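Each chain, letter by letter, is given below.
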Amino acid sequence: MQTHQYEALIVGAGGAGLMAALYASRGVKTAVISKLYPTRSHTGTAQGGIGAALGNLEEDRPEWHAFDTVKGGDYLADQDAALVLAEGAIEAVIELEHLGLPFDRTPEGRISQRRFGGHTSGFGGQPVRRACHAADRTGHMILQTLYQQCIKNEVTFFNEFHVVDLIRNGDTVVGVVAVNIDDGELHVFHSKAVLFATGGWGKVWEITSNAHSLTGDGNVITYRRGVPMQDMEFFQFHPTGIYKMGILITEGVRGEGGVLLNDRGERFMERYAPSIKDLASRDVISRAIYLEIQEGRGIKGQRYVHLDVTPETVNRYLAEAGESRRITGEDVEAKLPDILDFCRTYLGVDPVREPMPVQPTAHYGMGGIPTDLDGRAISDENRTPVPGLYAAGECACVSVHGANRLGTNSLTDLIVFGRLSGKHMVQYCQGVDFTPLPDNPAGEVEAELERIRKSSGSTKPYQLRAEMQHVMMDHVGVFRTAEGMQTALDTVRRLKEKYRTDLVIDDRGKRFNSDLLEAWELGCLLDIAEVTTVSALAREESRGAHSRDDFPQRDDEKWMVHTLAYPTPDGEVRLNHNKTVDLSLAEKDERFKPKERVY
Ligand SMILES: Cc1cc2nc3c(=O)[nH]c(=O)nc-3n(C[C@H](O)[C@H](O)[C@H](O)COP(=O)(O)OP(=O)(O)OC[C@H]3O[C@@H](n4cnc5c(N)ncnc54)[C@H](O)[C@@H]3O)c2cc1C
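Residues numbered from 1 in each chain as written. Predicted model: local features only at pLDDT ≥ 70, side-chain atom pairs only at ≥ 80, totals over all residues. Heavy atoms only, no water.

Enquirer: Would you mind showing me how to read the side chain of Arg 287 here?
Expert: Tracing the backbone through its elements, the reader meets Arg 287 in helix 8 (residues 282-294). The residues contacting Arg 287, other than those within four sequence positions of it, are Val 478, Phe 479, Gly 544, Ser 547 and Arg 597. (Helix = DSSP H or I, 4+ residues; strand = E, 2+ residues; numbered from the N terminus. Contact = heavy atoms within 4.5 Å.)

Below is the structure:
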C-alpha cells in the first residue's frame, strides 16, 4: 500500500477546498485529494452570484448583509459568524477579482451587482443589488480562477482519488485513506492536518439540483470517526427547479424581474410576502409554491407553477411598481445565457417568449461538520476543537446560514471561510510534528469495501437509493409531520439493514469500479438520511427550512439551540441540544434580536 506524506491535506476541490489549498500552500506542503477532476466540482454550476456589500450600484453596508443573513437564517445563525462573513465578503470578492476572475461590469467598469432573495438595504428595507456575478456562470469562473492559482502555487493534486476513511491516533487526526479510482488501489495519506471540503448531500432526495456526486461523504466519514453532525434537520429546498428534473433555475431570474405565477396567472407571492414578493427567502417561497399546488392552483392542476421572465410580463410589473427600468429580450439573453440554454435544450421552452415550469428542488444543506470561525472542527457544545481536523464550504456548519441560507451566501462562505481555514492550517502545521500513524490504518475500510465487492444478496444499490429518495422527498421535505417522519425513519432503517445484509453489485473488478464506489456512497446517503430524520423529529418547532404542520410556530424559548448528532457504539443516533446560538450582535443592537420574520 502506498503511503504519502503532506503537512496539510485538503479533501475536495470545489471553491472551499481550492481557496483553503491556496492559502495553506503559501506556508506548508499541501495536497488536494478529489474524487472528481477539480473543475467538475459542483461549485462550477453555481449560477447567480456571490454576495458582498460592495455598494457599486447603490448604498450597501456589511452590517445590512449580516442582518439579512441572520434574519434569513431564522435567527439560528451564529451571529459572530454572520458578521465575519459579511465583512470578509468585500475583501474576498476583490481578492477574486485580483486573482483574475472576469466579473460582469457596470458601464463605469466596476463589478456589476444584482438583486437576490432576502438581500435588503437598511436592515430589512428594499431589495439591494449585492450579488456580484459573471453572467450566470459565477461558480464556473470561481473554480477556474482558483484552480489555475493553485497550479501556479504548486499544490499537488490527487484527482479521481476517492477518500473513504479518516485516520485518527487517539483524538488526533493524522490522515485519510483513499481509493485510486483508476486502479482500485488503496492509498494512505499521512498529514498534520486534514480539511474536508466535500460539498453537499442533495442526493438524499428525489428531486434535487445537486450533482450525482453530492453524497455527503465528508460528513459521514468524520461522523463514523466520532465527530458530530450539526443542524442536519435544516435542508433547503430551492423554489425554482425545472419541473420533474430538479435542474436549478437561478434566483437571478427573479433578481432581473422574473415573477412566479399560478394557474390563474396571479403573482401569488404578493399574498405571502407583500413587501419583498418574489425576492423573499427561499424557504418562504418554496412553502408558498407548495400551498398553491395543494390548493389546486398549480398549472393545469399539476405539481408546478410558472416562472415568467418574458419582457412583456416583467415590464408590466416594473411599470406597476413605478420603476422606470424596462428589460428587452436581449437583456435576458445577455444576463441569463445558461438558463435559456437549459430550458431550450431540456424543455423546448424559450424563456424569452414563454414561462418556465418550476417546482421546489432539494438544494443545500445548512448543517454539517461543526466548526469554529477558523474552520477547526469542534467536538461538543463547549466548542472543543478536534486536533488536526478542519472543514469548510457546504459540508461544514460554522454556523453562518442558520436554519435557511440566503442565495449567494454559499459562494461567499466558501471563499471567506476557505481562506480563514487555510490560514489557520498553516499556523497549526507549523507548530506541531507529525503524529505517527496507527497500525494498519486502512484495515477497517478495506474490509468494508471487500464486503461490498463480494456481496451476494439480492438488492441492487439503485433500488435502495430510489426508495430512500422517494420517502425522504415525501416526508422529510418542504413540510413535515411526526407521523410522516417516523415513516421515513422506519423505511431508512429497514433500507440500512438491507444494505448491510442483502446487497449485491455487478462489478467485482478493480479498475474504475463506479459500481463499488457508488454503493459505498449509498451507505453515506443512508446515514445522512437517518441523522436528518432523527434530528428533524426531535425539533418540535418550525424554523427556516424545517417546517412542521404539527408544530407550526417557532419556539425561541426552547429551540434557540443547535442540534449535535453523534453515533453511538451500537449504531444509533444520539442527540445533544446544549450548544446555544451566538447572539453577540443582538447584545449590542436590538435589531438583531430574534423576531418574527415579515417580508
Ligand atoms: C445548481 C446549483 C447552483 C448554485 N448556485 C449558487 C449561487 O449562485 N450562489 C451561491 O452562493 N451558491 C450556489 N449554490 C450552492 C453552492 O454552489 C455550493 O454550496 C458550493 O459550491 C459548494 O462548494 P464546496 O466547495 O463546499 O463543494 P463542491 O463544489 O460541491 O465540491 C466538492 C468537492 O469534494 C470532492 N469530494 C466529495 N467527496 C469526496 C470524497 N469522498 N473523496 C474525494 N473527494 C471528494 C469532489 O470531488 C469535489 O471536488 C448552487 C448549488 C447548485 C447545486
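Enquirer: When you look at unusual backbone geometry in this model, what are you seeing that I'm missing?
Expert: Generally, phi is negative for residues other than glycine and the peptide bonds are trans, each holding for most cases. Of note, the amide linkage connecting Val 398 to Ser 399 takes the cis form, showing an omega dihedral of 0 degrees. One can find Ser 399 in the loop between strand 20 (396-397) and helix 12 (409-431). One non-glycine residue, Tyr 75, adopts positive backbone phi at about 70 degrees. Its location among the elements puts Tyr 75 in the loop between helix 2 (62-72) and helix 3 (79-99). The backbone of Ala 135 sits at a positive phi, close to 45 degrees, despite the residue not being glycine. Mapped onto the elements, Ala 135 comes out in the loop between strand 6 (131-132) and helix 4 (138-152).

Enquirer: Could you clarify how one ought to interpret helix 4 in this entry?
Expert: Since the α-helix advances by 3.6 residues per turn, residues separated by three or four positions end up pointing in the same direction. The end-to-end C-alpha distance of helix 4, which contains 15 residues, comes to 21 Å, matching closely the 21 Å that a straight helix rising 1.5 Å per residue would cover. Those residues of helix 4 that sit buried are Thr 138, Gly 139, Ile 142, Leu 143, Thr 145, Leu 146, Tyr 147, Gln 149 and Cys 150. Buried residues belonging to helix 4 abut helix 1 (15-24), strand 4 (50-51), helix 3, strand 6, strand 7 (156-159) and helix 12. Two residues or fewer after helix 4 comes Glu 154, characterised by a positive phi angle close to 60 degrees. (Expected span 1.5 Å × (residues − 1). Buried < 20%, exposed > 50% of the residue type's maximum accessible area, 1.4 Å probe, protein only.)

Enquirer: Would you explain the sheet that holds strand 6 in this entry?
Expert: Picture the strands of a sheet paired through backbone hydrogen bonds; they go either parallel or antiparallel. Spatially, the three strands line up as an open sheet ordered 4-6-5, and their pairing is antiparallel. For this open sheet the edge positions go to strand 4 and strand 5 (113-114), each flanked by a neighbour on one side alone. Relative to strand 6, strand 5 runs antiparallel, the two sharing two bridges. Its bridge partner lying in strand 6, Gln 113 is registered against Cys 132. (Pairing = 2+ DSSP bridges.)

Enquirer: When you look at the pairing of strand 15 (residues 305-308) in this model, what are you seeing that I'm missing?
Expert: Both faces of the sheet carry side chains from a regular strand, because those side chains alternate between them. In terms of strand pairing, strand 14 (residues 259-261) meets strand 15 through three bridges, oriented antiparallel. Bridge pairing in strand 15 links Val 259 to Asp 308. As judged from the three bridges shared by strand 15 and strand 16 (residues 356-365), these two strands associate in the antiparallel manner. Note that in strand 16 the partner of Leu 307 across the bridge is Met 356.

Enquirer: Honestly, the nonpolar core in this entry has me stumped. Any pointers?
Expert: Nonpolar side chains tend toward joint burial in soluble globular proteins. Residues Ile 33, Val 176, Phe 196, Trp 205, Leu 389 and Met 472 are the most contacted members of the largest nonpolar core, which totals 78 residues. Ranked by the residues each element gives to this core, the list is headed by helix 16 (residues 514-538), at 14 residues. Each residue touching Trp 205, except ones within four places of it in the same chain, is listed here: Phe 235, Phe 237, Ala 362, Gln 469, Met 472, Met 473, Val 476 and Thr 532. Formed by 67 residues, the second largest nonpolar core is a distinct cluster that contains Ala 20, Ala 92, Cys 429 and Ala 545. (Core = buried A, V, L, I, M, F, W, Y, C linked by side-chain atoms within 4.5 Å.)

Enquirer: Help me out: how do you make sense of the packing of aromatic side chains in this one?
Expert: We describe a pair of aromatic rings using the distance from one ring centre to the other and the angle between the two ring planes. Using the criterion set out here, one finds 18 aromatic pairs in the structure. Measuring from ring centre to ring centre gives 5.6 Å for Phe 67 and Phe 123, while their planes differ by 85 degrees; the resulting arrangement is edge-to-face. Here the residue Phe 67 occupies a position in helix 2, and Phe 123 occupies one in the loop between strand 5 and strand 6, the gap between them amounting to 56 residues. Here Phe 67 matches Phe 123 in class, with each residue buried. (Phe/Tyr/Trp six-rings, centres within 6.5 Å; stacked < 30°, edge-to-face > 60°.)

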